[in-house]
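# A closer look at the structure
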Amino acid sequence: MGYPHKSHPRETPLLTRYFGEEEARTLDGWKKRGGYQALEKALVMTPAEIVDIVKESGLRGRGGAGFPTGMKWSFMKPGDGKPHYLCCNADESEPGTFKDREVMRWTPHALVEGCAIGAYAIGAETTYIYIRGEFTEPLIWMDRAIREAYDAGILGANAMGTGKRIEMYVHKGAGAYICGEETALMNSLEGQRGNPRIKPPFPAVSGVFGQPTTINNVETLAAVPEIIMKGAAWYKSMSLSNLKSTGTKLYSVCGNIRYPGTYEVEMGFPFGEFLHELCGGALDGRKLKAVIPGGASVPIQTMAEADATLMDYEGFVAQGSMLGSGGVIVIDDKQSMVRVIARLARFFAHESCAQCTQCREGTAWTTKILERIRDGQGTMEDLDTLLDLADLMTGTTICVLSDSCAVPVVSGIKKFRAEFEALIHGKRVHPVLSAVA
């Protein structure tokens, strides 16, 4: 992991503006940049006032679902006599997604501050930051930031001298993708196998240790201090297309693109200009063919769809995909779509917790059939079988992992069927694969 790129003039760097500045990682450096002023301001407000500001800002969850953050917080009822918990989901494991990792690497105190404000707003005295086990560097920086905050009296039994208790702990995950699902995350926190739970009850009713709990994404919580300091109207003003999508969004860009990295733009930014101008477009002698815009579990876009997309929750849906986590995977004309989709399916099959038959069997058989087609041994009936399997795997399980496997398969066959049929009829292997075989 290296230093981030210098922001492009067309980016809107709010969460990323201190990326690459070593001093911003420390408490002193964060305070020099205005850090913890938002927490100080929030702690003299009522929890309901904070929730109202976040509601009014239009902030929506940045982990993938896009649920309104203020509304989620309003489901918690401070003063109900029960212990409340805040969980920060930093188990960023979706293929193609690495933007939360960068927040924790470069501005760990922004996340500590956002968590502290969120915890106070929902009446939680305890926050757990659940970090993916492979994120060794973010783990170091988050541990260090929390220790500094405790030593300075920002966290603890008398947070910032207000008499309010805010405790915060880092919990290291064990590397399972499924623990990014909120109920599996809670099971893992409790020391149980990280399997998803059946809902209802939802976490706001019965979460960690059976108590009311809210789970928010890293990027979501890191945006909260900015909103508290500058106001809901300021945040809402950052919207280039649909007023239901406000603020800025981080995108991690990887694959066959000239300038991979983490970018931050306003909601509604044109996706075509983002790919071709900010990210530099295709590599020399190549042509972009497809994009997976929101992590591996969202529908694949053709370039015609991508070029017509406005980058917000509604804009991606209008062009056949989803915003998801903002993990952009770019695929050029030198790649076999069948190989790409087979590789994604193998990931989901490997990460299935195997609770549900549709997921356990469906992801495994989907992978076997796709790899058979990839290797030139498929039949036309295989395509129908894949679509039938996808139908059985969608909306029929405890969590959405099997749906996530089915989505790129269905969109891939629908939009790039010719590549599947070429392998089936020609019984040949893609030239790039032959070279590496």
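Description of the structure in this document. (Residues numbered from 1 in each chain as written. Predicted model: local features only at pLDDT ≥ 70, side-chain atom pairs only at ≥ 80, totals over all residues. Heavy atoms only, no water.)

### Concerning the overall build of the chain
Note the cut-off: A helix here means a DSSP run of H or I that spans at least four residues, while a strand means a run of E at least two residues long, and both kinds are numbered starting from the N terminus. Contacts between residues were defined by any pair of non-hydrogen atoms, one from each residue, lying within 4.5 Å. Residue-level accessible areas treat just the shown protein chains as cover; the underlying method is Shrake-Rupley with a 1.4 Å probe. Residues counted as positive are Lys and Arg, residues counted as negative are Asp and Glu, and His and the chain ends are not counted. By convention, charge coordinates are those of NZ in Lys, CZ in Arg, CG in Asp, or CD in Glu.
Per the secondary structure count, the chain includes 19 helices and eleven strands. Along the first, second and third principal axes, the C-alpha atoms of the chain reach 75 × 45 × 35 Å. Nonlocal contacts in the chain, meaning residues at least 24 apart in sequence, comprise 70% of its contacts between residues at least 6 apart. When the accessible surface of the chain is summed, it comes to about 17400 Å², and 54% of that surface belongs to carbon and sulfur atoms. Each charge class in the chain can be summarised by its mean position, and for the 47 positive and 51 negative side chains these summaries are 1 Å apart.

### Focus on the layout of surface pockets
Quick note on the threshold: Site definitions follow a grid-based scheme: protein atoms alone, a 1 Å grid, a 1.4 Å probe that fits but cannot get out for cavities, and for pockets an open set with protein on both sides within 12 Å along at least five of seven lines, plus lining residues having an atom within 4 Å of a point. Grid points are joined across faces, edges and corners, and a volume is the space filled by probe spheres set on the points. As a working rule, the residues Ala, Val, Leu, Ile, Met, Phe, Trp, Tyr, Cys and Pro are called nonpolar, Asp, Glu, Lys and Arg charged, and the rest polar, with Gly in that last group.
Taken as a whole, the largest pocket spans an internal volume of roughly 1400 Å³. Around the largest pocket sit 47 residues that line it, and Gly63, Gly64, Ala65, Gly180 and Glu181 are the ones nearest its centre. Secondary-structure elements contributing two or more residues to the lining of the largest pocket are α4 (69–74), α5 (99–106), β4 (213–217) and α17 (401–415). The element that contributes the greatest number of residues to the lining of the largest pocket is β4, accounting for five residues. Looking at the lining of the largest pocket residue by residue, the class counts come to 17 nonpolar, 19 polar and eleven charged.

### Comments concerning the sheet that holds strand β2 (residues 124–131)
Adjacent strands of a sheet form backbone hydrogen bonds with each other and so pair up, either parallel or antiparallel. The following threshold applies: Two strands pair under a simple rule: DSSP has to find at least two bridges between them. Between N-to-C directions, angles cover 0 to 180 degrees, with each direction set by a line fitted to C-alpha atoms, over the stretch in contact for helices.
On the basis of which strands lie adjacent, the open sheet formed by four strands has the order β3-β2-β1-β4 and parallel pairing. The open sheet terminates on both sides in strands that have one partner only, identified here as β3 (167–172) and β4. Geometrically, the sheet is characterised by an average inter-axis angle of 20° between neighbouring strands, direction not taken into account. Note that strand β1 (residues 84–90) and β2 share seven bridges and pair parallel. Within β2, the residue paired with tyrosine 85 across the bridge is threonine 126. Here helix α8 (residues 182–189) sits on the sheet in contact with β1, β2, β3 and β4, set at roughly 100° to β2.

### Quick notes on the side chain of serine 411
This is how it is decided: The term polar contact refers here to a pair of N or O atoms within 3.5 Å; inside protein, the definition further demands a hydrogen-donor-capable atom paired with an acceptor-capable atom, and it admits residues adjacent in sequence only when both atoms are side-chain atoms.
Residue placement: serine 411 occurs in helix α17. A distance of 3.4 Å separates the side chain of serine 411 from the backbone oxygen of proline 408, its partner in a polar contact.

### Some words on unusual backbone geometry
This is how the line gets drawn: Categorising residues by exposure relies on relative accessible area from a 1.4 Å probe, with only protein chains included: less than 20% of the type maximum marks a residue as buried, more than 50% marks it as exposed, and the intermediate range marks it as partly exposed.
Following lysine 199, the chain continues into proline 200 via a peptide bond in cis, with omega recorded as -5°. Here proline 200 shows up in the loop between α8 and β4. Here the phi dihedral of methionine 160 falls at roughly 55°; this positive angle occurs in a residue that is not glycine. Among the secondary structure elements, methionine 160 is positioned in the loop between α7 (136–151) and β3. A positive phi angle, close to 75°, is found at alanine 354, a residue other than glycine. Note on placement: alanine 354 falls in the loop between α14 (337–351) and α15 (357–374). On the accessibility criterion, alanine 354 (31% relative accessible area) is partly exposed.

### Some remarks on the environment of leucine 323
Its place among the elements puts leucine 323 in the loop between α13 (313–318) and β11 (327–332). Sequence separation of leucine 323 and arginine 62 is 261 residues, and the distance between their C-alpha atoms is 9.1 Å. Each residue touching leucine 323, except ones within four places of it in the same chain, is listed here: Lys249, Tyr251, Met267, Pro293, Gly294, Asp312, Tyr313 and Phe316.

### Let's talk about the packing of helix α6 (residues 108–122) against helix α9 (residues 218–230)
To be explicit about the condition: Each angle receives one of four descriptions, namely roughly parallel if under 35 degrees, roughly antiparallel if over 145, roughly perpendicular if within 65 to 115, and oblique otherwise.
Look at α6 against α9: their axes get within 7 Å of each other, and the N-to-C directions meet at 80°. One finds that α6 runs roughly perpendicular with respect to α9. Contacts between α6 and α9 involve Ala110, Leu111, Glu113, Gly114, Cys115 and Ile117 on the former and, on the latter, Val218, Leu221, Ala222, Val224, Pro225 and Ile228. Its residues placed into classes, the contact of α6 with α9 shows ten nonpolar, one polar and one charged.

### Focus: the sheet that holds strand β6 (residues 261–266)
Strand order in the open sheet made by the five strands is β6-β5-β11-β8-β9, with mixed pairing throughout. Two strands lie at the open edges of the sheet, namely β6 and β9 (301–302), each paired on one side alone. As paired strands, strand β5 (residues 248–255) and β11 are joined by four bridges and run parallel to one another. Each residue of the ladder has a partner; that of glycine 255, found in β11, is valine 330. Most of the contacts of α5 go to β5, to which it runs at about 110°, and overall it touches β5 and β6.

### Examining a nonpolar patch on the surface
Put simply, the rule reads: Nonpolar side chains (Val, Leu, Ile, Met, Phe, Trp, Tyr) within 5 Å and like charges within 9 Å form the patches, drawn only from residues with over 30% relative accessible area and no salt bridge. We define a salt bridge as a side-chain nitrogen of Lys or Arg found within 4 Å of a carboxyl oxygen belonging to Asp or Glu.
On the surface, a nonpolar cluster with roughly 270 Å² of combined accessible area is contributed by Phe67, Met71 and Phe75. Looking at the element boundaries, methionine 71 is found in helix α4. Residue methionine 71 is classed as partly exposed on the basis of its relative accessible area of 37%.

### Quick notes on a negative patch on the surface
Negative charge collects at one region of the surface, where Glu381, Asp384, Asp388 and Asp391 lie side by side. Examined against the element boundaries, glutamate 381 turns out to sit in helix α16 (residues 380–393).

### As for the packing of aromatic side chains
Note the cut-off: Aromatic contacts are taken between Phe, Tyr and Trp rings whose centres are within 6.5 Å, Trp giving its six-membered ring; a plane angle under 30 degrees counts as stacked, one over 60 as edge-to-face, and the others as tilted.
Under the definition given, this model contains 13 aromatic pairs. Relative to phenylalanine 348, the ring of tyrosine 177 lies with its centre 5.9 Å away and its plane at 70°, an arrangement referred to as edge-to-face. Of the two residues, tyrosine 177 is situated in the loop between β3 and α8 and phenylalanine 348 in helix α14; the sequence distance between them amounts to 171 residues. Of the two residues, tyrosine 177 and phenylalanine 348, neither departs from the other in class, the shared state being buried.

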